[in-house]
Amino acid sequence: QVQLVESGGGLVQTGGSLRLSCAVSGSIFVINDMGWYRQAPGKQRELVAAITSGGNSNYADSVKGRFTISRDNAKNTVYLQMNSLKPEDTAVYYCNAKIKIVPAIGVWREYWGQGTQVTVSS
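Residues numbered from 1 in each chain as written. Predicted model: local features only at pLDDT ≥ 70, side-chain atom pairs only at ≥ 80, totals over all residues. Heavy atoms only, no water.

Digging into the overall build of the chain
Selection criterion: Each helix is a run of H or I in the DSSP string that is no shorter than four residues. Each strand is a run of E no shorter than two, and both are numbered from the N terminus. Each radius of gyration is computed over the set of C-alpha atoms, and the globule rule expresses the reference value as 2.2 Å times the number of residues to the power 0.38. Buried, partly exposed and exposed residues are distinguished by accessible area as a fraction of the type maximum, computed with a 1.4 Å probe on protein chains only: under 20%, between the cut-offs, and over 50%, respectively. Contact definition: two residues touch when any of their heavy atoms are within 4.5 Å. To be clear on the numbers: accessible area is Shrake-Rupley with a 1.4 Å probe, and residue cover counts the displayed protein chains and nothing else.
In terms of helices and strands, the chain carries 0 helices and 11 strands. Reading the chain from its N end, one meets helices and strands in the order β-β-β-β-β-β-β-β-β-β-β. Scaling as 2.2 N^0.38, a compact globule of 122 residues should have a C-alpha radius of gyration of about 14 Å, and the chain matches this with 14 Å. Here the chain, with 122 residues, has 37% of them falling under the buried criterion. The long-range share in the chain, meaning contacts at least 24 apart out of those at least 6 apart in sequence, stands at 55%. Summed over its atoms, the accessible surface of the chain is roughly 6600 Å², and 47% of this surface lies on carbon and sulfur atoms.

Structural notes on the nonpolar core
For clarity, the threshold we go by: Here, nonpolar core refers to any group of buried Ala, Val, Leu, Ile, Met, Phe, Trp, Tyr and Cys residues whose side-chain atoms link them within 4.5 Å.
Of all hydrophobic cores here, the largest spans 28 residues; its most connected members are Trp 36, Val 48, Phe 67, Val 78, Leu 80, Met 82 and Tyr 93. At 5 residues, strand 9 (residues 91-100) tops the list of elements feeding residues into this core. Not counting chain neighbours up to four residues away, the residues in contact with Tyr 93 comprise Glu 6, Leu 20, Trp 36, Tyr 37, Arg 38, Val 48, Phe 67, Leu 80, Met 82, Gly 115, Thr 116 and Val 118.

Examining the packing of aromatic side chains
Condition: For Phe, Tyr and Trp, where Trp contributes only its six-membered ring, two rings pair if their centres lie within 6.5 Å, and the inter-plane angle classes them as stacked under 30 degrees, edge-to-face over 60, or tilted in between. Distance and angle both matter: a charge sits over a ring if NZ of Lys or CZ of Arg is within 6 Å of the ring centre and within 35 degrees of the ring normal.
Scanning the entire structure with this criterion turns up 1 aromatic pair. The ring centre of Tyr 79 lies 4.0 Å from the NZ or CZ of Arg 19, which sits over that ring. One cation-aromatic arrangement involves Arg 45 over Trp 112; the distance from NZ or CZ to the ring centre is 4.9 Å.

What about the pattern of salt bridges?
The test is simple: Here, a salt bridge means any Lys or Arg side-chain nitrogen found within 4 Å of an Asp or Glu carboxyl oxygen.
Applying the stated criterion across every chain yields a total of 4 salt bridges. In this structure, Glu 46 and Arg 38 form a salt bridge, with 2.8 Å as the shortest nitrogen-oxygen distance. Of the residues examined, Arg 38 reaches a relative accessible area of 6% and is grouped as buried. The closest approach of N and O atoms between Arg 38 and Asp 89, which form a salt bridge, is 3.0 Å. Here Asp 89 lies in the loop between strand 8 (77-82) and strand 9 and Arg 38 lies in strand 4 (residues 30-39), a separation of 51 residues in the sequence. Each of the two residues, Arg 38 as well as Asp 89, counts as buried. By sharing partners, the salt bridges in this structure join Arg 38, Glu 46, Arg 66 and Asp 89 into a single network.

Some thoughts on the environment of Leu 80
Counting through the fold element by element, Leu 80 comes out in strand 8. Given a relative accessible area of 0%, Leu 80 falls into the buried group. Along the chain, Leu 80 and Leu 20 lie 60 residues apart, while their C-alpha atoms are 5.0 Å from each other. Setting aside anything within four residues of it in sequence, one finds Leu 80 in contact with Leu 18, Arg 19, Leu 20, Trp 36, Val 48, Ala 49, Phe 67, Thr 68, Ile 69 and Tyr 93.

The structure is reproduced here in structure tokens:
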């Protein structure tokens, strides 16, 4: 059973920083792309940042220059460093991973974490 466990969310003032972590465990053969999504009340879930297995990353325009995604493949963990936080960053943040649980062609599946709340106060 594959499990994604997120941590690091909380309450922070405008201009502050938080670091989110997502650790993957279970029956895993390969973890490919990983990413962070967020969903605010009344809005659609949106991609915040993504990173490939080789470490190449991309970001939503709204967070470029403020957020940094990284991963530690030895720990099966992806991180999101969030700096210069704004009230509009308030949302539930979800970890996503594309995973093969068996060494076979065409057996990729996407998994999601339970979400962690990030609240930025003014």
